[in-house]
Amino acid sequence: MFQVEFGLQLFLTWGTLLGAIREGDLIPHDFDIDVAYVSRARSAAGVTRERKRIFDHFAGFDRIMPGHSPGRFMLRAVRSPSGRFDHGIEVFTGFVTGARFFGYPTLPGTLPSRAIRPFRQATLRGVPFAVPRQAERMLEQCIGADWRIPRLPKDHTDPAGRYACFVFLYPPR
């Protein structure tokens, strides 16, 4: 849908990327699917407009869960035939400026854009998905040099700071 409606390709990020690269499966304690896109816009205003268009599209179908920000939003899970809810889908905004990739909220231009695109494929539960070209490098930046070691959420330290480059994407205070 992202490619058809918006001309954007989603790629796996965060815990879903970690599971795909490290284990080829979802991480057992993860509760959502993390994906991102690289905005076509080249200004903060353009990134915001593009993200609003995407958000409004899904809001029109009542798919947005509460707690969103201009940098990320969660798509409501769909009830499966068994009556259970599948994982929700968290969508993160990314953009490129000066050949550097900015991935909300913890990659403030610390990776060159060529580390992200062109995408490569990794499999998750046997299904191929787009992942960053240098997925291992991205995981090291997001999670830490020891990303290959399985940890529980309580053992993870979140490196997210409030970077000035994302000020337009932070939730209002």
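Each value, and the rule that gives it
- Residues numbered from 1 in each chain as written.
- Predicted model: local features only at pLDDT ≥ 70, side-chain atom pairs only at ≥ 80, totals over all residues.
- Heavy atoms only, no water.
- Helix = DSSP H or I, 4+ residues; strand = E, 2+ residues; numbered from the N terminus.
- Rg over C-alpha atoms; globule rule 2.2 N^0.38 Å.
- Buried < 20%, exposed > 50% of the residue type's maximum accessible area, 1.4 Å probe, protein only.
- Contact = heavy atoms within 4.5 Å.
- Areas by Shrake-Rupley, 256 points an atom, 1.4 Å probe, with all protein chains shown as cover.
- Lys, Arg positive; Asp, Glu negative; His and termini not counted.
- Charge placed at Lys NZ, Arg CZ, Asp CG, Glu CD.
- Patch = residues over 30% accessible without salt bridge, like charges linked within 9 Å, V, L, I, M, F, W, Y side chains within 5 Å.
- Salt bridge = Lys/Arg side-chain N within 4 Å of Asp/Glu carboxyl O.
- 1 Å grid on protein atoms, 1.4 Å probe; cavity = no way out; pocket = protein on both sides within 12 Å on 5 of 7 lines; lining within 4 Å.
- Points joined across faces, edges and corners; volume = space filled by probe spheres on them.
- Nonpolar A, V, L, I, M, F, W, Y, C, P; charged D, E, K, R; others polar.
- Axes fitted to C-alpha atoms, helices over the stretch in contact; angles between N-to-C directions.
- Parallel < 35°, antiparallel > 145°, perpendicular 65-115°, else oblique.
- Left-handed = near helix turned anticlockwise from the far one by under 90°.
- Phe/Tyr/Trp six-rings, centres within 6.5 Å; stacked < 30°, edge-to-face > 60°.

**Overview of the overall build of the protein**
Regarding its fold elements, the protein presents 4 helices and 8 strands. Reading the secondary structure of the protein in the N-to-C direction produces α-β-α-β-α-β-β-β-β-β-β-α. For the protein, the C-alpha radius of gyration of 16 Å lies close to 16 Å, the compact-globule estimate for 173 residues. Counting across all 173 residues of the protein, residues that qualify as buried make up 45%. For the protein, long-range pairs separated by at least 24 residues make up 52% of all intrachain contacts whose partners lie at least 6 apart in sequence. A total accessible area of about 9300 Å² is found for the protein, and carbon and sulfur atoms account for 57% of it. Averaging the coordinates of the 24 positive side-chain charges in the protein and doing the same for the 16 negative ones gives two points 6 Å apart.

**What to know about a positive patch on the surface**
Taken together, the side chains of Arg-100, Arg-114, Arg-133 and Arg-137 make up a positively charged region of the molecular surface. Tracing the chain through its elements places Arg-133 in the loop between β8 (127-131) and α4 (135-142).

**Here's the deal with the layout of surface pockets**
When its volume is computed, the second largest pocket comes out at roughly 330 Å³. Forming the walls of the second largest pocket are 16 residues, and the residues nearest its centre are Leu-10, Phe-11, Val-35, Ile-89 and Phe-129. Among the secondary structure elements, those contributing two or more residues to the lining of the second largest pocket are α1 (2-6), β1 (11-12), β2 (32-38) and β8. Looking at side-chain class alone, the lining of the second largest pocket contains 14 nonpolar, 2 polar and no charged residues.

**Looking at unusual backbone geometry**
With the exception of glycine, most residues fall at negative phi, and the peptide bonds are largely trans. For the peptide bond that leads from Tyr-104 to Pro-105, omega is 0°, which places it in the cis range. Its place among the elements puts Pro-105 in the loop between β5 (100-103) and β6 (107-112). Across the junction of Arg-117 and Pro-118, the peptide omega takes the value 0°, indicating a cis bond. Along the chain, Pro-118 turns up in the loop between β6 and β7 (120-124). You will see that Asp-62, though not glycine, has its phi angle at about 55°, which is positive.

**Re the packing of helix α2 (residues 14-22) against α4**
Where α2 contacts α4, the two axes come as close as 10 Å, and the packing angle between them is 130°. Regarding the angle of α2 to α4, the classification is oblique. Handedness of the α2/α4 crossing: left-handed. Side by side, α2 and α4 meet where Trp-14, Leu-17, Leu-18 and Ile-21 of the first sit next to Ala-135, Glu-136, Met-138, Leu-139 and Cys-142 of the second. Of the residues that constitute the contact of α2 with α4, the class distribution is 8 nonpolar, no polar and 1 charged.

**Considering the packing of aromatic side chains**
A complete count under the given rule lists 15 aromatic pairs for this structure. With 5.7 Å between their ring centres and 90° between their planes, Phe-55 and Phe-73 make a pair best called edge-to-face. Here Phe-55, found in helix α3 (residues 44-59), pairs with Phe-73, found in strand β3 (residues 72-75); they are 18 residues apart in sequence, far enough to count as distant. Considered together, Phe-55 and Phe-73 belong to a single accessibility category, that of buried residues. A centroid spacing of 6.3 Å and a plane angle of 40° characterise the contact between Phe-58 and Phe-73, whose relative ring orientation is tilted.

**Focus on α2**
The element α2 is extensively covered by neighbouring structure, given that 8 of its 9 residues are classed as buried. Burial in α2 covers these residues: Trp-14, Gly-15, Thr-16, Leu-17, Leu-18, Gly-19, Ala-20 and Ile-21. For α2, the secondary structure elements touched by its buried residues are β1, β2, β4 (88-97), β7, β8 and α4. Downstream of α2 by one or two residues, Gly-24 has phi in the positive range, about 70°.

That is the geometry; function is a separate question.
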